[in-house]
Amino acid sequence: MRKEILRAEKLNTLGELAASIAHEIRNPLTVVKGFLQMMHKQEKGDNYYYLSLVLAELGRAESIINDYLNFAKPQFEKKEDAELAEIIADVTLLLEALAAKEGVQVNVQLEWGICVKTDRNQLKQALVNIIKNAIEATDDGGEVNISQASAGNESYVVISDTGKGMDSAQIARLGTLFYTTKDKGTGLGTSVSIKIIEAMGGAISFKSERGVGTEVTIILPTFKKERAEKPDQDQMNDAI
Ligand code: ADP
Ligand code: MG
């Protein structure tokens, strides 16, 4: 018992140290990126290609740091009433190019009028990580289905893919920091998503079968939009 507590404290201190280093590195990185972007814009010669590469790699480093910082301490800057369907639609649009590149068809089924109280950027990040994994796991010609349904004060967002799936040992490792099976993976995405969903008072579960696919279910506390009845009322008035 005592050993476990000590270990937890140690991990915490290490985590804090890593987070403060990540934070300190991010600032000069932002400055470097700013100048490089300026040079990239002005460059008409041979260096244009190299600068594009440098910027892409810098972007990668930045997103790893942001993911890590987000994991160490999710920041819910401004909580607001956000339409869940809108957030899912935004995220799907964001990942359209990736899906097209991988030859994966993404189908979305939304339910409008349902809100969640959160920092919308955080929820977007959580969904991006999960949906991105689904697309990356799926072969050319496969599908990712995203559906949203609500019951009472809860909503379910189900993301299923026809990808390569995971065995039970792999599922058990999900949410372990730095666990990845990809060449260029960081092993941060799932951990960050779990942390964000849990910080929102939600839950996330994974069901998967190798060679068949994966189904991720996210449960979130939600509420009906108060003004949901209003457009109907207006329509009725118009009709009269
Ligand atoms: P990364 O994507 O950088 O590898 P993640 O934390 O997002 O890190 O995911 C960790 C690992 O979990 C992935 O490398 C992959 O092996 C597995 N995984 C996550 N989602 C899926 C999925 N939908 N289908 C198959 N494997 C998955
Ligand atoms: Mg990932």
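Residues numbered from 1 in each chain as written. Chains lettered and ligands numbered in written order. Predicted model: local features only at pLDDT ≥ 70, side-chain atom pairs only at ≥ 80, totals over all residues.

Moving on, we come to the overall build of the chain. The helix and strand tally for the chain stands at eight helices and eight strands. Of all 240 residues assigned to the chain, the portion counted as buried reaches 25%. Looking at the chain alone, contacts between residues at least 24 apart form 74% of all its contacts between residues at least 6 apart. (Helix = DSSP H or I, 4+ residues; strand = E, 2+ residues; numbered from the N terminus. Buried ≥ 20, exposed ≤ 12 C-beta atoms within 10 Å, placed from the backbone. Contact = placed C-beta atoms within 7 Å.)

One broad rule of soluble globular proteins: the nonpolar side chains tend to lie buried together. With 34 residues, the main nonpolar core has Leu127, Ile131, Val144 and Ile159 as its most contacted residues. Of all the elements in the fold, those that place two or more residues in this core are helix 2 (47-72), helix 3 (84-94), strand 3 (114-118), helix 5 (120-137), strand 4 (143-151), strand 5 (154-161), helix 7 (189-199) and strand 7 (213-221). With eight residues, helix 5 is the largest single contributor of residues to this core. Contacts of Leu127, omitting those with residues within four sequence positions, involve Ile87, Ile88 and Val91. (Core = buried A, V, L, I, M, F, W, Y, C linked by C-beta atoms within 7 Å.)

Among the 22 residues in the neighbourhood of ligand 1, the closest are listed as Ala137, Thr180, Gly185, Gly189 and Thr190. No other element matches the four residues that helix 5 contributes to the shell around ligand 1. Of the residues in the shell around ligand 1, the class split is six nonpolar, 13 polar and three charged. (Near = placed C-beta within 6 Å. Nonpolar A, V, L, I, M, F, W, Y, C, P; charged D, E, K, R; others polar.)

Strand order in the open sheet formed by five strands is 2-4-5-7-6, and the pairing between neighbours is mixed. Edge strands, defined here as strands with exactly one partner in the open sheet, are strand 2 (105-109) and strand 6 (203-209). The mean inter-strand angle of the sheet, taken between neighbouring strand axes irrespective of direction, is 15°. Sheet analysis places strand 6 next to strand 7, joined by seven bridges and oriented antiparallel. From the neighbouring strand, Ser205 faces strand 7, where its bridge partner is Thr217. Across the sheet, helix 5 touches strand 4, strand 5 and strand 7, and the angle it forms with strand 5 is around 20°. (Pairing = 2+ DSSP bridges. Axes fitted to C-alpha atoms, helices over the stretch in contact; angles between N-to-C directions.)

Paired through backbone hydrogen bonds, the strands of a sheet run either parallel or antiparallel to each other. Sheet architecture is open: three strands sit in the order 1-3-8, paired in antiparallel fashion. The open sheet is flanked by strand 1 (80-83) and strand 8 (223-224), the only strands paired with a single partner. In this sheet, strand 8 lies alongside strand 3 in antiparallel orientation, the contact comprising two bridges. Its bridge partner being in strand 8, Cys115 is matched across the sheet by Phe223. Each of strand 1 and strand 3 is contacted by helix 5, which is oriented at about 105° to strand 3, the strand it contacts most.

Glancing now at the packing of helix 2 against helix 7. In the contact formed by helix 2 and helix 7, the axes pass within 9 Å of each other and the chain directions differ by 35°. Our pair here, helix 2 against helix 7, has a crossing hand that is left-handed. Contacts between helix 2 and helix 7 involve Asp67, Asn70 and Phe71 from the former and Gly189, Ser191, Val192 and Lys195 from the latter. Taken together, the residues of the contact of helix 2 with helix 7 break down into two nonpolar, three polar and two charged. (Left-handed = near helix turned anticlockwise from the far one by under 90°.)

For the rest of this paragraph, the subject is the environment of Lys78. As for its placement among the helices and strands, Lys78 is situated in the loop between helix 2 and strand 1. Look at Lys78 and you get exposed, because 8 C-beta atoms sit within 10 Å. As a C-alpha pair, Lys78 and Lys117 span 39 residues in sequence and 9.7 Å in three-dimensional space.

Glancing now at the packing of helix 3 against helix 5. For the pair helix 3 and helix 5, the least separation of the axes is 10 Å and the interaxial angle reads 50°. Relative to helix 5, helix 3 is oriented oblique. For the element pair helix 3 and helix 5, the recorded crossing hand is right-handed. Contacts between helix 3 and helix 5 involve Ile87, Ile88, Asp90, Val91 and Leu94 from the first element and Arg120, Leu123, Lys124, Leu127, Val128 and Ile131 from the second. Taken together, the residues of the contact of helix 3 with helix 5 break down into eight nonpolar, no polar and three charged. (Parallel < 35°, antiparallel > 145°, perpendicular 65-115°, else oblique.)

Interpretation in functional terms is not warranted from these geometric data alone.
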